Amino acid sequence: MSQLHESDEATPLLRDDESSDDDSQDEAYRSRWRSIRVMYFTMFLSSVGFTIVITSLWPYLQKIDPSASATFLGWVVASYSLGQMVASPIFGLWSNHRPHREPLVCSIFINLSANVYYSYAYLPRTDNKYHMLMSRAFVGFGAGNVAVVRSYVAGATSLKERTGAMANMSACQALGFILGPALQACLSFIAAFCVVNILLVLLVLREHRVDEDGRHVRAINYTSEERAEINEEPEETIDHMAVLTSNVLFFIVMFIFAVFETIATPLSMDMFSWTRKEAVLYNGIIICSIGFESILVFVVVKVASQRVGDRPVFLAGLAIVFCGFFILLPWGNHFPKIQWADLKNNSMDTSQMFGTTVASNSSVEPTGCPWEQTWCQYTPAIHLAQYITADILIGAGYPACNVMSYTLYSKILGPKPQGVYMGWLTASGSGARTLGPVFVSQVYTILGPRWAFSLICGMVLGTITLLSCVYHRLIAFSVRHGRTIE
(Lines give C-alpha, C1' and ligand atoms only; values in the text may rest on other atoms or scores of the structure.)
Protein backbone atom coordinates (compact mmCIF):
# COMPACT_ATOMS: atom_id res chain seq x y z
CA MET A 1 0.00 0.00 0.00
CA SER A 2 2.96 2.28 -0.60
CA GLN A 3 1.04 4.86 -2.64
CA LEU A 4 -2.16 4.88 -0.68
CA HIS A 5 -1.29 7.96 1.39
CA GLU A 6 1.64 10.24 1.87
CA SER A 7 4.29 8.87 4.17
CA ASP A 8 4.78 10.40 7.58
CA GLU A 9 8.47 9.88 8.16
CA ALA A 10 8.70 12.23 11.10
CA THR A 11 6.34 10.20 13.28
CA PRO A 12 8.13 8.85 16.38
CA LEU A 13 7.74 5.14 17.09
CA LEU A 14 5.30 5.46 19.98
CA ARG A 15 3.47 8.53 18.73
CA ASP A 16 0.55 7.64 16.48
CA ASP A 17 -0.22 9.06 13.03
CA GLU A 18 -2.82 11.85 12.75
CA SER A 19 -4.83 11.90 9.55
CA SER A 20 -5.55 15.64 9.73
CA ASP A 21 -5.58 18.65 12.06
CA ASP A 22 -9.37 18.40 12.34
CA ASP A 23 -9.26 14.76 13.36
CA SER A 24 -6.71 15.47 16.09
CA GLN A 25 -9.24 17.77 17.78
CA ASP A 26 -12.08 15.32 17.55
CA GLU A 27 -12.95 13.58 20.82
CA ALA A 28 -13.75 10.30 19.07
CA TYR A 29 -10.30 10.34 17.49
CA ARG A 30 -8.62 10.97 20.85
CA SER A 31 -10.72 8.31 22.56
CA ARG A 32 -9.83 5.82 19.84
CA TRP A 33 -6.12 6.33 20.29
CA ARG A 34 -6.39 6.26 24.09
CA SER A 35 -8.02 2.87 23.71
CA ILE A 36 -5.32 1.68 21.32
CA ARG A 37 -2.66 2.75 23.82
CA VAL A 38 -4.41 0.65 26.45
CA MET A 39 -3.91 -2.26 24.03
CA TYR A 40 -0.21 -1.39 23.82
CA PHE A 41 0.05 -1.65 27.61
CA THR A 42 -1.85 -4.95 27.59
CA MET A 43 0.57 -6.37 25.02
CA PHE A 44 3.52 -5.12 27.09
CA LEU A 45 2.13 -6.81 30.21
CA SER A 46 1.53 -10.07 28.36
CA SER A 47 5.13 -10.05 27.18
CA VAL A 48 6.45 -9.33 30.67
CA GLY A 49 4.38 -12.23 32.02
CA PHE A 50 6.28 -14.61 29.74
CA THR A 51 9.83 -13.40 30.38
CA ILE A 52 9.71 -12.27 34.03
CA VAL A 53 10.39 -15.81 35.27
CA ILE A 54 12.03 -17.40 32.23
CA THR A 55 15.62 -17.21 33.56
CA SER A 56 14.64 -18.36 37.07
CA LEU A 57 12.41 -21.30 36.04
CA TRP A 58 15.14 -23.92 36.41
CA PRO A 59 16.49 -22.78 39.83
CA TYR A 60 12.91 -22.42 41.15
CA LEU A 61 11.94 -25.86 39.83
CA GLN A 62 15.00 -27.44 41.45
CA LYS A 63 14.22 -25.66 44.71
CA ILE A 64 10.59 -26.82 44.98
CA ASP A 65 11.28 -30.32 43.61
CA PRO A 66 14.93 -31.49 43.43
CA SER A 67 13.83 -34.64 41.57
CA ALA A 68 12.60 -32.62 38.56
CA SER A 69 14.58 -33.24 35.38
CA ALA A 70 15.59 -30.93 32.55
CA THR A 71 13.02 -32.72 30.38
CA PHE A 72 10.28 -31.66 32.78
CA LEU A 73 11.62 -28.10 32.57
CA GLY A 74 10.97 -28.29 28.83
CA TRP A 75 7.34 -29.14 29.53
CA VAL A 76 7.09 -26.24 31.97
CA VAL A 77 8.38 -23.85 29.29
CA ALA A 78 6.11 -25.36 26.62
CA SER A 79 3.03 -25.22 28.89
CA TYR A 80 2.86 -21.43 28.46
CA SER A 81 2.62 -21.69 24.68
CA LEU A 82 0.17 -24.59 24.88
CA GLY A 83 -2.09 -22.57 27.19
CA GLN A 84 -1.95 -19.59 24.86
CA MET A 85 -2.64 -21.80 21.84
CA VAL A 86 -5.83 -23.14 23.45
CA ALA A 87 -7.05 -19.77 24.74
CA SER A 88 -6.44 -17.57 21.69
CA PRO A 89 -9.34 -18.81 19.49
CA ILE A 90 -11.67 -18.82 22.53
CA PHE A 91 -10.95 -15.21 23.45
CA GLY A 92 -11.01 -14.24 19.77
CA LEU A 93 -14.48 -15.73 19.29
CA TRP A 94 -15.66 -14.04 22.49
CA SER A 95 -14.46 -10.62 21.28
CA ASN A 96 -16.33 -11.07 17.98
CA HIS A 97 -19.69 -11.18 19.72
CA ARG A 98 -19.21 -9.16 22.90
CA PRO A 99 -17.35 -5.96 23.88
CA HIS A 100 -13.59 -6.43 23.93
CA ARG A 101 -13.32 -5.45 27.58
CA GLU A 102 -15.04 -8.69 28.67
CA PRO A 103 -12.41 -11.18 27.38
CA LEU A 104 -9.66 -8.72 28.27
CA VAL A 105 -10.68 -8.36 31.92
CA CYS A 106 -11.23 -12.11 32.21
CA SER A 107 -7.83 -12.96 30.69
CA ILE A 108 -5.95 -10.40 32.79
CA PHE A 109 -7.60 -11.75 35.95
CA ILE A 110 -6.56 -15.29 34.95
CA ASN A 111 -3.01 -13.99 34.38
CA LEU A 112 -2.99 -12.33 37.82
CA SER A 113 -4.31 -15.45 39.58
CA ALA A 114 -1.88 -17.72 37.71
CA ASN A 115 1.14 -15.63 38.73
CA VAL A 116 0.02 -15.76 42.37
CA TYR A 117 -0.38 -19.54 41.98
CA TYR A 118 3.15 -19.74 40.54
CA SER A 119 4.58 -17.73 43.44
CA TYR A 120 3.15 -20.18 45.99
CA ALA A 121 3.79 -23.40 44.08
CA TYR A 122 6.32 -24.36 46.77
CA LEU A 123 3.68 -24.57 49.53
CA PRO A 124 1.98 -27.93 48.74
CA ARG A 125 3.70 -30.88 50.37
CA THR A 126 3.67 -33.04 47.25
CA ASP A 127 3.64 -32.69 43.46
CA ASN A 128 5.12 -29.18 43.56
CA LYS A 129 6.49 -29.46 40.05
CA TYR A 130 3.02 -30.22 38.69
CA HIS A 131 1.63 -27.16 40.45
CA MET A 132 4.37 -25.14 38.75
CA LEU A 133 3.47 -26.70 35.40
CA MET A 134 -0.21 -25.86 35.82
CA SER A 135 0.51 -22.28 36.92
CA ARG A 136 2.57 -21.58 33.80
CA ALA A 137 -0.14 -23.14 31.62
CA PHE A 138 -2.69 -20.77 33.17
CA VAL A 139 -0.35 -17.81 32.65
CA GLY A 140 -0.22 -18.80 28.97
CA PHE A 141 -4.01 -19.17 28.91
CA GLY A 142 -4.34 -15.60 30.17
CA ALA A 143 -1.88 -14.48 27.49
CA GLY A 144 -4.39 -15.64 24.89
CA ASN A 145 -5.70 -12.06 25.02
CA VAL A 146 -3.00 -11.21 22.45
CA ALA A 147 -5.56 -12.25 19.82
CA VAL A 148 -8.08 -9.78 21.25
CA VAL A 149 -5.47 -7.00 21.32
CA ARG A 150 -4.49 -7.55 17.69
CA SER A 151 -8.08 -7.77 16.49
CA TYR A 152 -9.02 -4.57 18.35
CA VAL A 153 -6.08 -2.61 16.93
CA ALA A 154 -6.80 -3.95 13.44
CA GLY A 155 -10.44 -2.85 13.66
CA ALA A 156 -9.69 0.54 15.19
CA THR A 157 -7.12 1.70 12.61
CA SER A 158 -7.28 2.71 8.97
CA LEU A 159 -5.01 1.19 6.33
CA LYS A 160 -2.69 4.18 6.65
CA GLU A 161 -2.47 3.82 10.43
CA ARG A 162 -2.33 0.03 10.54
CA THR A 163 1.37 -0.65 9.98
CA GLY A 164 2.45 2.11 12.37
CA ALA A 165 0.07 0.88 15.08
CA MET A 166 1.22 -2.72 14.65
CA ALA A 167 4.86 -1.59 14.81
CA ASN A 168 4.13 0.33 18.01
CA MET A 169 2.47 -2.74 19.49
CA SER A 170 5.45 -4.92 18.55
CA ALA A 171 7.77 -2.36 20.14
CA CYS A 172 5.80 -2.61 23.39
CA GLN A 173 6.03 -6.39 23.15
CA ALA A 174 9.80 -6.19 22.63
CA LEU A 175 10.12 -3.79 25.56
CA GLY A 176 8.28 -6.31 27.72
CA PHE A 177 10.70 -9.04 26.68
CA ILE A 178 13.63 -6.78 27.60
CA LEU A 179 12.31 -5.60 30.97
CA GLY A 180 10.76 -8.90 32.05
CA PRO A 181 13.98 -10.56 33.32
CA ALA A 182 14.94 -7.32 35.10
CA LEU A 183 11.63 -7.37 37.01
CA GLN A 184 11.86 -10.99 38.18
CA ALA A 185 13.18 -9.92 41.58
CA CYS A 186 9.88 -8.12 42.21
CA LEU A 187 7.24 -10.52 40.92
CA SER A 188 4.67 -8.72 43.09
CA PHE A 189 4.77 -5.85 40.59
CA ILE A 190 2.96 -8.12 38.11
CA ALA A 191 -0.07 -8.07 40.42
CA ALA A 192 -0.01 -4.28 40.52
CA PHE A 193 0.38 -4.09 36.73
CA CYS A 194 -2.56 -6.45 36.25
CA VAL A 195 -4.79 -4.35 38.52
CA VAL A 196 -3.79 -1.18 36.66
CA ASN A 197 -4.46 -2.92 33.34
CA ILE A 198 -7.93 -4.02 34.44
CA LEU A 199 -8.76 -0.47 35.56
CA LEU A 200 -7.56 0.95 32.25
CA VAL A 201 -9.68 -1.54 30.31
CA LEU A 202 -12.77 -0.74 32.38
CA LEU A 203 -12.36 3.05 32.58
CA VAL A 204 -10.50 4.09 29.41
CA LEU A 205 -11.13 1.45 26.75
CA ARG A 206 -14.04 2.19 24.44
CA GLU A 207 -15.36 0.21 21.49
CA HIS A 208 -14.12 1.85 18.29
CA ARG A 209 -14.27 0.64 14.74
CA VAL A 210 -13.19 2.51 11.63
CA ASP A 211 -13.31 1.64 7.97
CA GLU A 212 -10.17 1.37 5.85
CA ASP A 213 -10.19 5.13 5.25
CA GLY A 214 -10.39 5.95 8.96
CA ARG A 215 -14.10 6.89 9.12
CA HIS A 216 -15.90 5.83 12.27
CA VAL A 217 -18.52 3.10 12.00
CA ARG A 218 -20.54 1.49 14.76
CA ALA A 219 -18.79 -1.22 16.75
CA ILE A 220 -20.03 -4.52 15.41
CA ASN A 221 -19.87 -6.31 18.76
CA TYR A 222 -21.56 -3.79 21.02
CA THR A 223 -25.35 -4.21 20.81
CA SER A 224 -27.77 -6.23 18.73
CA GLU A 225 -29.18 -3.09 17.10
CA GLU A 226 -25.74 -2.02 15.97
CA ARG A 227 -25.03 -5.51 14.71
CA ALA A 228 -28.17 -5.42 12.60
CA GLU A 229 -27.12 -2.13 11.07
CA ILE A 230 -23.68 -3.47 10.21
CA ASN A 231 -25.19 -6.52 8.55
CA GLU A 232 -26.74 -4.27 5.97
CA GLU A 233 -23.31 -3.92 4.34
CA PRO A 234 -22.86 -5.98 1.19
CA GLU A 235 -21.22 -9.34 1.80
CA GLU A 236 -17.74 -9.60 0.32
CA THR A 237 -15.64 -12.72 0.64
CA ILE A 238 -12.24 -13.00 2.27
CA ASP A 239 -9.43 -14.62 0.29
CA HIS A 240 -9.10 -17.77 2.40
CA MET A 241 -6.03 -18.94 0.51
CA ALA A 242 -4.26 -15.73 1.50
CA VAL A 243 -5.49 -16.21 5.10
CA LEU A 244 -4.18 -19.78 5.24
CA THR A 245 -0.87 -18.78 3.68
CA SER A 246 -0.48 -15.94 6.18
CA ASN A 247 -0.96 -18.39 9.05
CA VAL A 248 1.68 -20.68 7.57
CA LEU A 249 4.09 -17.77 7.11
CA PHE A 250 3.55 -16.60 10.69
CA PHE A 251 4.06 -20.15 12.00
CA ILE A 252 7.37 -20.47 10.15
CA VAL A 253 8.59 -17.04 11.32
CA MET A 254 7.81 -17.88 14.95
CA PHE A 255 9.24 -21.39 14.56
CA ILE A 256 12.54 -20.04 13.23
CA PHE A 257 12.92 -17.54 16.06
CA ALA A 258 11.99 -20.19 18.66
CA VAL A 259 14.80 -22.32 17.25
CA PHE A 260 17.19 -19.39 17.47
CA GLU A 261 16.45 -18.49 21.10
CA THR A 262 16.46 -22.15 22.18
CA ILE A 263 19.79 -23.04 20.62
CA ALA A 264 21.69 -19.97 21.86
CA THR A 265 22.78 -21.31 25.25
CA PRO A 266 23.83 -24.89 24.30
CA LEU A 267 25.51 -23.69 21.10
CA SER A 268 27.60 -21.08 22.91
CA MET A 269 28.58 -23.57 25.63
CA ASP A 270 29.65 -26.17 23.06
CA MET A 271 31.49 -23.84 20.69
CA PHE A 272 33.07 -21.27 23.01
CA SER A 273 33.60 -23.45 26.12
CA TRP A 274 31.48 -21.14 28.25
CA THR A 275 30.26 -22.31 31.63
CA ARG A 276 26.53 -22.28 32.39
CA LYS A 277 26.82 -18.98 34.25
CA GLU A 278 28.82 -17.40 31.43
CA ALA A 279 26.36 -18.65 28.81
CA VAL A 280 23.36 -17.28 30.74
CA LEU A 281 25.10 -13.93 31.34
CA TYR A 282 26.49 -13.37 27.84
CA ASN A 283 23.42 -14.62 26.01
CA GLY A 284 21.26 -12.51 28.30
CA ILE A 285 23.26 -9.46 27.23
CA ILE A 286 22.94 -10.48 23.57
CA ILE A 287 19.16 -11.04 23.81
CA CYS A 288 18.74 -7.72 25.60
CA SER A 289 20.74 -6.02 22.84
CA ILE A 290 18.61 -7.73 20.20
CA GLY A 291 15.53 -6.39 21.99
CA PHE A 292 16.77 -2.82 21.69
CA GLU A 293 17.80 -3.51 18.09
CA SER A 294 14.27 -4.70 17.32
CA ILE A 295 12.80 -1.42 18.57
CA LEU A 296 15.02 0.42 16.08
CA VAL A 297 13.93 -2.02 13.38
CA PHE A 298 10.29 -1.17 14.08
CA VAL A 299 11.10 2.49 13.43
CA VAL A 300 12.66 1.58 10.09
CA VAL A 301 9.80 -0.78 9.21
CA LYS A 302 7.25 1.94 9.91
CA VAL A 303 8.90 4.24 7.37
CA ALA A 304 9.95 1.59 4.84
CA SER A 305 6.48 0.06 4.58
CA GLN A 306 5.03 3.45 3.63
CA ARG A 307 7.69 3.92 0.96
CA VAL A 308 7.84 0.47 -0.66
CA GLY A 309 4.91 -1.48 0.85
CA ASP A 310 4.51 -4.29 3.37
CA ARG A 311 5.35 -7.28 1.17
CA PRO A 312 8.81 -6.09 0.06
CA VAL A 313 9.70 -5.40 3.72
CA PHE A 314 8.57 -8.93 4.60
CA LEU A 315 10.74 -10.42 1.81
CA ALA A 316 13.72 -8.32 2.88
CA GLY A 317 13.32 -9.52 6.47
CA LEU A 318 13.30 -13.15 5.38
CA ALA A 319 16.40 -12.59 3.25
CA ILE A 320 18.23 -11.09 6.24
CA VAL A 321 17.19 -14.02 8.45
CA PHE A 322 18.50 -16.44 5.80
CA CYS A 323 21.86 -14.64 5.77
CA GLY A 324 22.01 -14.89 9.57
CA PHE A 325 21.50 -18.66 9.66
CA PHE A 326 23.77 -19.20 6.63
CA ILE A 327 26.59 -17.42 8.47
CA LEU A 328 26.04 -19.78 11.42
CA LEU A 329 26.96 -22.81 9.29
CA PRO A 330 30.30 -24.27 10.50
CA TRP A 331 33.25 -23.87 8.14
CA GLY A 332 37.01 -24.36 8.25
CA ASN A 333 39.43 -26.78 9.94
CA HIS A 334 39.16 -25.58 13.53
CA PHE A 335 37.20 -27.97 15.75
CA PRO A 336 35.49 -27.29 19.07
CA LYS A 337 37.10 -28.22 22.35
CA ILE A 338 35.90 -31.67 23.42
CA GLN A 339 34.64 -31.93 26.98
CA TRP A 340 36.44 -35.22 27.68
CA ALA A 341 39.73 -33.31 27.76
CA ASP A 342 38.44 -31.63 30.89
CA LEU A 343 37.41 -34.98 32.32
CA LYS A 344 40.96 -36.27 31.90
CA ASN A 345 42.51 -33.11 33.28
CA ASN A 346 40.29 -33.40 36.32
CA SER A 347 41.61 -36.92 36.91
CA MET A 348 38.22 -38.52 36.36
CA ASP A 349 38.14 -42.17 35.65
CA THR A 350 37.21 -43.16 32.12
CA SER A 351 34.35 -45.21 33.46
CA GLN A 352 32.50 -42.01 34.35
CA MET A 353 32.07 -41.40 30.63
CA PHE A 354 30.00 -44.51 30.46
CA GLY A 355 27.67 -43.71 33.31
CA THR A 356 29.70 -44.98 36.30
CA THR A 357 29.69 -42.60 39.26
CA VAL A 358 33.23 -41.64 40.19
CA ALA A 359 34.16 -38.71 42.40
CA SER A 360 36.01 -35.87 40.78
CA ASN A 361 39.18 -34.39 42.23
CA SER A 362 38.12 -30.97 40.99
CA SER A 363 35.00 -28.88 41.37
CA VAL A 364 35.65 -27.08 38.09
CA GLU A 365 32.68 -27.34 35.72
CA PRO A 366 33.60 -29.26 32.55
CA THR A 367 33.41 -27.04 29.47
CA GLY A 368 33.40 -27.63 25.75
CA CYS A 369 31.46 -29.89 23.42
CA PRO A 370 30.18 -33.01 25.25
CA TRP A 371 31.74 -36.24 24.11
CA GLU A 372 28.28 -37.84 23.87
CA GLN A 373 27.59 -35.61 20.84
CA THR A 374 29.63 -37.50 18.27
CA TRP A 375 29.41 -34.67 15.73
CA CYS A 376 31.75 -32.63 17.95
CA GLN A 377 34.66 -34.71 16.67
CA TYR A 378 34.20 -33.92 12.98
CA THR A 379 32.13 -30.72 12.76
CA PRO A 380 34.15 -27.47 12.50
CA ALA A 381 33.69 -24.94 15.28
CA ILE A 382 31.57 -21.81 14.93
CA HIS A 383 33.59 -18.71 15.74
CA LEU A 384 32.40 -16.00 18.10
CA ALA A 385 32.43 -13.44 15.28
CA GLN A 386 30.09 -15.70 13.26
CA TYR A 387 27.77 -16.03 16.24
CA ILE A 388 27.55 -12.32 16.97
CA THR A 389 27.11 -11.41 13.29
CA ALA A 390 24.32 -13.94 12.97
CA ASP A 391 22.67 -12.56 16.12
CA ILE A 392 22.69 -9.06 14.66
CA LEU A 393 21.23 -10.18 11.33
CA ILE A 394 18.53 -12.41 12.82
CA GLY A 395 17.74 -9.68 15.35
CA ALA A 396 17.13 -7.31 12.43
CA GLY A 397 15.24 -9.68 10.13
CA TYR A 398 12.90 -11.33 12.62
CA PRO A 399 11.13 -8.16 13.90
CA ALA A 400 10.45 -7.05 10.32
CA CYS A 401 8.98 -10.46 9.42
CA ASN A 402 6.96 -10.60 12.63
CA VAL A 403 5.24 -7.23 12.34
CA MET A 404 4.69 -7.52 8.59
CA SER A 405 3.13 -10.98 8.88
CA TYR A 406 0.25 -9.95 11.10
CA THR A 407 -0.03 -6.48 9.56
CA LEU A 408 -0.63 -8.08 6.14
CA TYR A 409 -2.95 -10.59 7.79
CA SER A 410 -5.13 -7.87 9.31
CA LYS A 411 -5.33 -6.04 5.97
CA ILE A 412 -6.28 -9.23 4.12
CA LEU A 413 -9.16 -9.80 6.56
CA GLY A 414 -10.58 -6.32 5.95
CA PRO A 415 -13.29 -4.60 8.00
CA LYS A 416 -15.01 -7.73 9.30
CA PRO A 417 -14.52 -8.86 12.94
CA GLN A 418 -11.07 -10.41 13.24
CA GLY A 419 -11.20 -11.99 16.69
CA VAL A 420 -11.39 -15.62 15.64
CA TYR A 421 -8.91 -15.16 12.78
CA MET A 422 -6.43 -13.42 15.10
CA GLY A 423 -7.00 -16.23 17.56
CA TRP A 424 -5.92 -18.79 14.99
CA LEU A 425 -2.90 -16.67 14.05
CA THR A 426 -1.84 -16.42 17.69
CA ALA A 427 -2.45 -20.15 18.14
CA SER A 428 -0.22 -20.95 15.14
CA GLY A 429 2.54 -18.81 16.66
CA SER A 430 2.14 -20.58 20.02
CA GLY A 431 2.31 -23.95 18.29
CA ALA A 432 5.54 -22.86 16.60
CA ARG A 433 7.05 -21.81 19.92
CA THR A 434 6.14 -25.25 21.28
CA LEU A 435 7.47 -27.33 18.37
CA GLY A 436 10.55 -25.23 17.56
CA PRO A 437 12.51 -26.09 20.75
CA VAL A 438 11.60 -29.79 20.40
CA PHE A 439 12.79 -29.85 16.79
CA VAL A 440 16.09 -28.08 17.35
CA SER A 441 16.98 -29.92 20.55
CA GLN A 442 16.66 -33.27 18.77
CA VAL A 443 18.37 -32.31 15.51
CA TYR A 444 21.17 -30.34 17.18
CA THR A 445 21.96 -33.02 19.76
CA ILE A 446 21.96 -35.90 17.28
CA LEU A 447 23.22 -34.32 14.04
CA GLY A 448 24.90 -31.06 15.09
CA PRO A 449 24.72 -27.41 14.00
CA ARG A 450 25.50 -28.06 10.34
CA TRP A 451 22.34 -30.10 9.85
CA ALA A 452 20.23 -27.96 12.17
CA PHE A 453 21.09 -24.65 10.49
CA SER A 454 21.04 -26.16 6.98
CA LEU A 455 17.46 -27.31 7.59
CA ILE A 456 16.54 -23.84 8.88
CA CYS A 457 18.15 -22.23 5.81
CA GLY A 458 16.12 -24.55 3.60
CA MET A 459 12.99 -23.66 5.55
CA VAL A 460 13.63 -19.93 5.09
CA LEU A 461 14.22 -20.41 1.35
CA GLY A 462 10.96 -22.35 1.19
CA THR A 463 9.20 -19.50 2.99
CA ILE A 464 10.60 -16.95 0.52
CA THR A 465 9.40 -19.15 -2.35
CA LEU A 466 5.94 -19.48 -0.79
CA LEU A 467 5.67 -15.73 -0.25
CA SER A 468 6.76 -15.08 -3.84
CA CYS A 469 4.16 -17.52 -5.20
CA VAL A 470 1.26 -15.88 -3.33
CA TYR A 471 2.70 -12.36 -3.49
CA HIS A 472 -0.14 -11.08 -5.68
CA ARG A 473 -2.78 -12.42 -3.27
CA LEU A 474 -1.40 -10.86 -0.09
CA ILE A 475 -3.22 -7.58 -0.62
CA ALA A 476 -5.65 -5.53 1.41
CA PHE A 477 -9.33 -6.48 1.40
CA SER A 478 -10.34 -3.15 -0.16
CA VAL A 479 -7.72 -3.48 -2.91
CA ARG A 480 -8.94 -6.98 -3.76
CA HIS A 481 -12.50 -5.72 -4.12
CA GLY A 482 -11.50 -2.65 -6.14
CA ARG A 483 -12.40 0.01 -3.57
CA THR A 484 -8.79 1.16 -3.23
CA ILE A 485 -5.94 1.35 -5.73
CA GLU A 486 -2.71 -0.24 -4.52
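Up top you'll find the structure we're talking about.
Worth saying up front: this structure is predicted, and the values here are computed from it rather than measured.

Colleague: Describe the environment of His334, listing the residues and the values that go with them.
Modeller: Here His334 shows up in the loop between α13 (310-327) and α14 (340-345). His334 gets classed as partly exposed once you look at its relative accessible area, which sits at 48%. Counting along the chain gives 47 residues from His334 to Ala381, while the straight-line C-alpha distance between them is 5.8 Å. Look past the residues within four positions of His334 in its chain and what remains in contact with it is Pro380, Ala381 and His383.

Colleague: I'd love a proper account of the packing of aromatic side chains, names of residues and values included.
Modeller: For the structure on display, the rule yields 20 aromatic pairs. Seen from their ring centres, Phe272 and Trp274 are 5.1 Å apart, and the 50 degrees between their planes marks the pair as tilted. A relative accessible area of 16% places Phe272 in the buried class. Cluster of aromatic residues (ring-pair linked, three or more members): Phe272, Trp274, Tyr282 and Tyr387.

Colleague: Give me the lowdown on the state of the cysteines, citing residues and values where you can.
Modeller: Per the counting criterion, the structure on display carries 1 disulfide. Here Cys323 stays unpaired: no disulfide links it, and the sulfur of Cys457, its closest cysteine neighbor, is 9.1 Å away.

Colleague: For the side chain of Gln386, give the residues involved together with the corresponding values.
Modeller: By the secondary structure assignment, Gln386 is in helix α15 (residues 384-413). Side-chain polar atoms of Gln386 contact the backbone nitrogen of His383, separated by 2.9 Å. When sequence neighbours within four positions are dropped, the list of residues in contact with Gln386 reads Ile327, Leu328, Leu329, Trp331 and Ala381.

Calculation criteria
- Residues numbered from 1 in each chain as written.
- Predicted model: local features only at pLDDT ≥ 70, side-chain atom pairs only at ≥ 80, totals over all residues.
- Heavy atoms only, no water.
- Helix = DSSP H or I, 4+ residues; strand = E, 2+ residues; numbered from the N terminus.
- Buried < 20%, exposed > 50% of the residue type's maximum accessible area, 1.4 Å probe, protein only.
- Contact = heavy atoms within 4.5 Å.
- Phe/Tyr/Trp six-rings, centres within 6.5 Å; stacked < 30°, edge-to-face > 60°.
- Disulfide = S-S within 2.5 Å.
- Polar contact = N/O pair within 3.5 Å; in protein donor to acceptor, adjacent residues only side chain to side chain.

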